[in-house]
Amino acid sequence: MNIMEKTIDRMVEIARQIDELHAEYSTLEAEIIKRFTEETENSKCKAKEYESESGSVSVAYADKVSVVYDSMLSSIFGAAYSDMVKEEKKYTLSAPAKQLLAAIYKKEYIMLDDDQSVEKAISDLPCDEKSIKVLAKKIKGKSFKTDKANLIRYGGFDEQTASDYAYMISEAANWCNFRDMLRLDGRNVPEKTAEVISCINSAVTVDTSPKVTLKAKE
């Protein structure tokens, strides 16, 4: 057998092993997702992490935002359109735009009055004044996992309570971001707000599925 034949045979063997390992990995990943889904069902938890001696696996729900009616994007974002949408042959949403649309579409928001904010929500937490000051700097309502960890560490909450507050704060932040966008062109009035929400529900679809991230330890 010449060197070329040996090379091809080895490539075939490697390709077969890759297919087998990929199939095994997918099966193991499915087990992780099944466990995660069972543990987060009927809860507001969006992310979990599992560890072993050799590494860790983090699982979090990821939103896939798809635009159904491109023409409605300008009605949704108004004066913020050029910041939120990158125009090409197809419409490409920025990361903040996807987060905003997913939150509104999935109704993951708390409708706040104009004088209410994320900062106000944090200040109302049942903590001492020192803890509130630290949390006000640490919590932004953008990362559920980070906010939950900070609520446990600096607020002294147990895991379930921290999870509930992190979710509440994220919903408050979602509404504030939406409200601030509408303020850019004076659409932050009940009638216009309802109209934009209706546009979002018609213009996009959001498919939420678990996303698994594997990290090997040194």
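Details of the structure are given in the entry above.
Every chain is numbered on its own, with residues counted from 1 as its sequence reads. Only residues with pLDDT of at least 70 get local features here, since the model is predicted, and only at 80 or more are side-chain atom pairs given and counted; chain-wide, interface and lining totals rely on the full set of residues. Values shown for side chains rest on all heavy atoms present in the structure; no hydrogens or waters enter the calculation.

Novice: So, the nonpolar core: which residues are in play, and what are the values?
Specialist: The definition of a nonpolar core used throughout is a set of buried Ala, Val, Leu, Ile, Met, Phe, Trp, Tyr and Cys residues joined through side-chain atoms within 4.5 Å. The cut-offs for exposure are 20% and 50% of the maximum accessible area for each residue type, with area from a 1.4 Å probe on protein chains only; residues under the lower value are buried, those over the upper are exposed, and the others partly exposed. Formed by 44 residues in total, the largest nonpolar core has its most connected members in F77, L101 and F178. Formed by 5 residues, the second largest nonpolar core is a distinct cluster that contains Y50, V57, V59 and V212.

Novice: A description of the packing of helix α8 (residues 159-183) against helix α9 (residues 190-203) should follow, citing residues and the corresponding values.
Specialist: Two numbers describe a pair of packed helices, the interaxial angle and the distance between the axes. Between α8 and α9, the least distance of the axes is 11 Å, while the angle of their chain directions is 110°. Between α8 and α9, the interaxial angle falls into the category roughly perpendicular. At the point where α8 passes α9, the crossing takes the right-handed sense. From α8, W175, F178 and L182 reach across to α9, where they touch T193, V196, I197 and I200. Each axis is a line fitted through C-alpha atoms, taken for helices only over the stretch in contact, and angles between the N-to-C directions span 0 to 180 degrees. Helix and strand assignments come from DSSP, with helices taken as H or I runs of at least 4 residues and strands as E runs of at least 2, each series counted from the N terminus. With respect to orientation, any angle under 35 degrees is reported as roughly parallel, any angle over 145 as roughly antiparallel, any angle of 65 to 115 as roughly perpendicular, and every other angle as oblique. Crossings are classed by handedness, with left-handed meaning an anticlockwise turn of the near helix from the far one by less than a right angle and right-handed meaning a clockwise turn. By definition, residues are in contact when any of their heavy atoms lie within 4.5 Å.

Novice: How would you explain the pattern of salt bridges if you had to name every residue and give the values?
Specialist: Between Lys or Arg on one side and Asp or Glu on the other, a salt bridge is scored when a side-chain nitrogen of the former is within 4 Å of a carboxyl oxygen of the latter. Counted by the stated rule, this structure contains 13 salt bridges. We note a salt bridge from E13 to R10, for which the minimum N-O separation is 3.3 Å. Taken as a pair, E13 and R10 lie in helix α1 (residues 3-40) at a separation of 3 residues, close to a single helical turn. Judged by relative accessible area, which is 41%, R10 ranks as partly exposed. For K106, the salt bridge identified is with D63, shortest N-O distance 2.8 Å. Pair noted here: K106 is in the loop between α4 (95-105) and α5 (118-123) and D63 is in strand β2 (residues 55-67), with a separation of 43 residues, a long-range link. Overall, D63 belongs to the partly exposed group, its relative accessible area being 35%. Three or more residues are tied together by salt bridges with common partners; here these are K46, D63, K106 and E108.

Novice: Lay out unusual backbone geometry with the relevant residues and their values.
Specialist: Unusually for a residue other than glycine, N42 sits at a positive phi of about 60°. Turning to its location among the elements, N42 is positioned in the loop between α1 and β1 (47-51). Given a relative accessible area of 80%, N42 falls into the exposed group. Residue K107 is not a glycine yet carries a positive backbone phi of 60°. Structurally, K107 is set in the loop between α4 and α5.

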